[in-house]
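Per-entry structural report
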Amino acid sequence: MKVKEIFEGVFLIGGQLTTKNLISGRSYSEKIINDGGREYRVWNPEKSKAAAAITRGIKNFPIKKGSKILYLGIAQGQTASYFSDIIGNDGIIYGVEFSSRAVSDLVRACEQRGNIVPIKADARKPEDYSWVEKVDVIYEDVADSEQVAILLRNVEAFLKKGGYAMIGIKARSIDVTKDPAKIFQESLAAIKTRMEVLDYVTLGPYEVDHAFIVCRPM
Ligand SMILES: C[S@@+](CC[C@H](N)C(=O)[O-])C[C@H]1O[C@@H](n2cnc3c(N)ncnc32)[C@H](O)[C@@H]1O
């Protein structure tokens, strides 16, 4: 079987995006590919904006073995489980989520994996989880009209010097009446006031009216 590593810890197998399972035998409901005793989990771009962004051709994906990540809007931990595979046991994900229901499912995933810390909090208020250490990567995927402001606030509080930020922009959450293309341009302009944009892709057809940005402080 031909396995091609396209980013550190992210593999293409027969045209499918995958990560190497950190805990063999445990998965959500995704397809598993076995290759010579190694177990790869298929990462579906229709179910994860980060996978859609990689499939749409971003050139920079800053999550690596050992990365420390602050994940805003981690929900039940579906996408985070792939980040958890990539960072391995030397990395850590601090996962912020304000829905009690999502957090209780997340806690189960965290017990299995050991490198995800669930935090029930509002990502608009970084002061409520100020104990979190500085991280290498901040990923934001919250459905909120203030998405970009939330990212910048958290970057200010938690991103290490030389770190990266990624955001999945959901145009319909920012303003349902506005043309998504205009919202993406406004979001880019707001990010560019403080950050250098390394990648910008729209996520159709996997996630309609969504875009993905990879950036770092200037
Ligand atoms: C699109 S879902 C995230 C999906 C997840 N990132 C994944 O790919 O597996 C957005 C999540 O953000 C959470 N959320 C929205 N606003 C938030 C806020 N201000 N603080 C924390 N969580 C928030 C929602 O409860 C929801 O679970």
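Report follows, based on the coordinates.

Rules used in this analysis
Residues numbered from 1 in each chain as written. Predicted model: local features only at pLDDT ≥ 70, side-chain atom pairs only at ≥ 80, totals over all residues. Heavy atoms only, no water. Phe/Tyr/Trp six-rings, centres within 6.5 Å; stacked < 30°, edge-to-face > 60°. Helix = DSSP H or I, 4+ residues; strand = E, 2+ residues; numbered from the N terminus. Buried < 20%, exposed > 50% of the residue type's maximum accessible area, 1.4 Å probe, protein only. Expected span 1.5 Å × (residues − 1). Arc of directions from axis to C-beta. Near = heavy atom within 4 Å. Polar contact = N/O pair within 3.5 Å; in protein donor to acceptor, adjacent residues only side chain to side chain. Nonpolar A, V, L, I, M, F, W, Y, C, P; charged D, E, K, R; others polar. Pairing = 2+ DSSP bridges. Axes fitted to C-alpha atoms, helices over the stretch in contact; angles between N-to-C directions. Contact = heavy atoms within 4.5 Å. Salt bridge = Lys/Arg side-chain N within 4 Å of Asp/Glu carboxyl O.

A few words now on the packing of aromatic side chains. Enumeration according to the criterion identifies 12 aromatic pairs in this entry. With 5.0 Å between their ring centres and 10 degrees between their planes, Trp43 and Tyr82 make a pair best called stacked. Of this pair, Trp43 sits in the loop between strand S5 (38-42) and helix H1 (49-55) while Tyr82 is found in helix H2 (residues 78-87), placing the two residues 39 residues apart along the sequence. Classification of Tyr82 by relative accessible area gives buried; the value is 3%.

Another aspect to go through is helix H6 (residues 180-192). Each α-helix turn comprises 3.6 residues. Residues three or four places apart therefore point the same way. Given a rise of 1.5 Å per residue, 13 residues ought to cover 18 Å, and the 18 Å separating the end C-alpha atoms of H6 matches this to within 8%. The set of residues buried in H6 consists of Pro180, Ile183, Phe184, Ser187, Leu188 and Ile191. Projected down its long axis, H6 carries its buried residues within an arc of 135 degrees, all on one side.

A few words now on the site of the ligand. Every one of the 17 residues lining the ligand counts as a neighbour, but Tyr71, Thr79, Glu97, Ala123 and Asp141 are closest to it. Within the side chain of Tyr71, one N or O atom sits 2.6 Å away from a nitrogen atom of the ligand. For the shell around the ligand, the residue count by class is eight nonpolar, four polar and five charged.

Now for the sheet that holds strand S7 (residues 92-97). Reading across from one edge, S8-S7-S6-S9-S10-S12-S11 is the order of the seven strands in this open sheet, with mixed pairing throughout. Looking at which strands have only one partner, the edges of the open sheet turn out to be strand S8 (116-120) and strand S11 (195-202). The average angle at which neighbouring strand axes cross in this sheet is 15 degrees, direction not considered. Two elements, S7 and S8, share five bridges in a ladder whose sense is parallel. Across the sheet, residue Gly95 finds its bridge partner in S8, namely Pro118. Packing against the sheet, helix H3 (residues 100-113) makes contact with S7 and S8, and its axis sits at approximately 160 degrees to S8. Each of strand S6 (68-72), strand S9 (135-140), strand S10 (159-170), S11 and strand S12 (210-217) is contacted by helix H4 (residues 147-158), which is oriented at about 165 degrees to S10, the strand it contacts most.

Below, the discussion takes up unusual backbone geometry. A cis geometry characterises the amide bond from Gly204 onward to Pro205, with omega recorded as 0 degrees. The residue Pro205 is located in the loop between S11 and S12 in this model. Even without a glycine there, the phi angle at Asp209 is positive, about 60 degrees.

Enumeration according to the criterion identifies 15 salt bridges in this entry. Residue Lys49 pairs with Asp141 through a salt bridge whose shortest N-O separation is 2.8 Å. Of the two residues, Lys49 sits in helix H1 while Asp141 sits in the loop between S9 and H4, which places them 92 residues apart along the sequence. Exposure class is identical for Lys49 and Asp141. Each is buried.

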